[in-house]
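Observations on the three-dimensional arrangement
What follows is each chain in one-letter form.
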Amino acid sequence: MGNTAVVVGGGIGGLVAAIGLRRIGWQVTLVERAPMLDDAGAGISLAANGLRALDGLGVGDAVREASRGQYSGGTRTPKGGWLTRMDGAELEKAVGTPIMGIPRSTLHRLLREALPAETLLIGSEASSVEQISPGKVRVGCGDTVLEADLAVAADGINSKVRSLLFPAHPGPVYSGSTVLRAITGQAVDLRTDFELTWGRGTEFGHIAFPDGRAEWHAVLNLPAETRFADPLAELRRRFHNWHDPIPALLDATQTHAVLHHDVNELRTPLPSYTIGRIALLGDAAHAMTPNLGQGACQALE
Ligand SMILES: Cc1cc2nc3c(=O)[nH]c(=O)nc-3n(C[C@H](O)[C@H](O)[C@H](O)COP(=O)(O)OP(=O)(O)OC[C@H]3O[C@@H](n4cnc5c(N)ncnc54)[C@H](O)[C@@H]3O)c2cc1C
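Residues numbered from 1 in each chain as written. Predicted model: local features only at pLDDT ≥ 70, side-chain atom pairs only at ≥ 80, totals over all residues. Heavy atoms only, no water.

Concerning the packing of helix H1 (residues 12–23) against helix H5 (residues 104–112)
- As a packed pair, H1 and H5 sit with axes 10 Å apart at the nearest point and diverge in direction by 25°. In terms of their interaxial angle, H1 and H5 are classed as roughly parallel. For the crossing formed where H1 meets H5, the hand is left-handed. Seen from H1, the contacting residues are Ile12, Leu15, Val16 and Ile19; seen from H5, they are Arg104, Leu107, His108, Leu111 and Arg112.
- For the contact of H1 with H5, the class distribution of residues is six nonpolar, one polar and two charged. (Axes fitted to C-alpha atoms, helices over the stretch in contact; angles between N-to-C directions. Helix = DSSP H or I, 4+ residues; strand = E, 2+ residues; numbered from the N terminus. Parallel < 35°, antiparallel > 145°, perpendicular 65-115°, else oblique. Left-handed = near helix turned anticlockwise from the far one by under 90°. Contact = heavy atoms within 4.5 Å. Nonpolar A, V, L, I, M, F, W, Y, C, P; charged D, E, K, R; others polar.)

Below is the structure:
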């Protein structure tokens, strides 16, 4: 096996693939189509498998330092009754860590900082990836053609590389729910680190961060591509009589901070994550719904 690689995609999966390959002595070029390497998402929870992978990549301590352990909380009803209680200390005893909550932009920055600038080819979209000989791959990015010993496609749920490698695969499908989420603009008085509240066809959850702000998400079972003129007003209308701190979390949020995405998943598994010297990783390979908080963790793993 040679020692040059092209990683397509600068999300969490692509960044960690590049970090990992460099740690075992490979020369890596990471190609990202966005003009700036960033992650605009809200928050993310990292479980033991993801944290163990980050430790293996040498960034676990920095990520823990910027995260908040999710020790208290659980699952509730809209009126506030508890369906289950979560005990992060017990989890820590069992698997060595509670789940950790961190703003996605912070996680992304910590991963970016682990890569030297010369590794990154930003603002460049990969349009072709092919194996040109038993030991070589070629990645076309506009006028730039890169040859290497390995290509890793971490180009996300709508992966171009996946459609090139597996043209008969149906691709992602709508899960039936759409998600609105944000990070609050200020600290909120929260009595727990993490909660999920289940209503009919609706879920609301929060993940608290070290500085007292929190990410919240509202999952609604609705037809694909449903959008609201004023998403925050719509959520206030739907959740005004749900238990504390749900209305307070919405009140602490600025309108422009709200993100709205349909939740898609790769329901038909791929026959393989590799073809020759081209490998798919992260959502390109196994995009899943966020219910278990495992999409990024499994990309890391
Ligand atoms: C609401 C929600 C909550 C979630 N919460 C959690 C959680 O708590 N814990 C968890 O572990 N996971 C969570 N996930 C899942 C997690 O966000 C994803 O699994 C993870 O971010 C996937 O990372 P990725 O690098 O594979 O893909 P992406 O983050 O999609 O990155 C793909 C990158 O490739 C770039 N790209 C695409 N095509 C090209 C191209 N042709 N050329 C160059 N660049 C290209 C894109 O611009 C992008 O930067 C959640 C997901 C959602 C939707």
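Remarks on the site of the ligand
- Around the ligand there are 29 residues in total, and Gly13, Glu32, Arg104, Ala126 and Asp283 lie nearest to it.
- Residue Ala296 places a main-chain N or O atom 3.0 Å away from an oxygen atom belonging to the ligand.
- A distance of 2.9 Å separates an oxygen atom of the ligand from a polar backbone atom of Cys297.
- Coverage of the ligand by the protein amounts to 84% of the 1000 Å² it exposes when considered alone.
- Secondary-structure elements contributing two or more residues to the shell around the ligand are H1, strand S2 (27–32), strand S3 (43–46), strand S13 (173–183) and helix H10 (295–300).
- The residue inventory of the shell around the ligand, partitioned by class, reads 10 nonpolar, 12 polar and seven charged. (Near = heavy atom within 4 Å. Polar contact = N/O pair within 3.5 Å; in protein donor to acceptor, adjacent residues only side chain to side chain. Areas by Shrake-Rupley, 256 points an atom, 1.4 Å probe, with all protein chains shown as cover.)

Brief notes about the sheet that holds strand S16 (residues 214–221)
- Spatially, the seven strands line up as an open sheet ordered S6-S5-S14-S15-S16-S13-S17, and their pairing is mixed. At either end of the open sheet lies a strand with only one pairing partner, and these are strand S6 (82–87) and strand S17 (259–265). Mean inter-strand twist for the sheet, computed between neighbouring axes without regard to direction, equals 20°.
- Examined bridge by bridge, S13 and S16 share seven bridges and lie antiparallel to one another. Note that in S16 the partner of Ala182 across the bridge is Trp216.
- The sheet contacts of helix H7 (residues 231–239) involve S13, strand S15 (202–208) and S16, and relative to S16 the element is tilted by about 75°. (Pairing = 2+ DSSP bridges.)

Considering unusual backbone geometry
- The omega torsion across Asp244 and Pro245 is 5°, close enough to zero to call that bond cis.
- Assignment of secondary structure puts Pro245 in the loop between H7 and helix H8 (246–251).
- For Glu225, which is not glycine, the phi dihedral falls at a positive 70°.
- Take Glu225: it is sitting in the loop between S16 and H7.

A short note on the packing of aromatic side chains
- Overall, the coordinates contain three aromatic pairs when judged by the stated rule.
- For the pair Phe204 and Trp216, a centre-to-centre distance of 5.7 Å together with 15° between the ring planes defines the contact as stacked. Here Trp216 lies in strand S16 and Phe204 lies in strand S15, a separation of 12 residues in the sequence. Here Phe204 and Trp216 have matching classes, each one buried.
- Seen from their ring centres, Phe204 and Phe239 are 5.1 Å apart, and the 65° between their planes marks the pair as edge-to-face. (Phe/Tyr/Trp six-rings, centres within 6.5 Å; stacked < 30°, edge-to-face > 60°. Buried < 20%, exposed > 50% of the residue type's maximum accessible area, 1.4 Å probe, protein only.)

Some points on H1
- Over its 12 residues, H1 extends 17 Å from the first C-alpha to the last, a length consistent with the 16 Å expected when each residue adds 1.5 Å.
- Counted residue by residue, H1 has nine buried out of 12 residues, so it is predominantly covered.
- Every buried residue belonging to H1 is among Ile12, Gly13, Gly14, Leu15, Val16, Ala17, Ala18, Ile19 and Leu21, and all of these are buried.
- The inward-facing, buried residues of H1 abut strand S1 (4–8), S2, S3, H5, strand S12 (150–153) and H10.
- Just past H1, the residue Gly25 takes up positive phi, approximately 95°. (Expected span 1.5 Å × (residues − 1).)

Overview of the sheet that holds strand S7 (residues 99–103)
- Spatially, S3-S7-S4 is the arrangement adopted by the three strands of the open sheet, whose pairing is antiparallel. Strand pairing shows two members of the sheet lacking a second neighbour, S3 and strand S4 (68–70), which therefore form its edges. Pairs of neighbouring strands in the sheet enclose a mean axial angle of 35°, with direction left out of account.
- As paired elements, S4 and S7 share three bridges and run antiparallel to each other. For Gln70, the partnering residue across the bridge sits in S7 and is Ile99.
- Lying on the sheet, H5 is in contact with S3 and S7; it crosses S7 at an angle near 90°.

Read these as layout, nothing more, since geometry by itself doesn't imply function.
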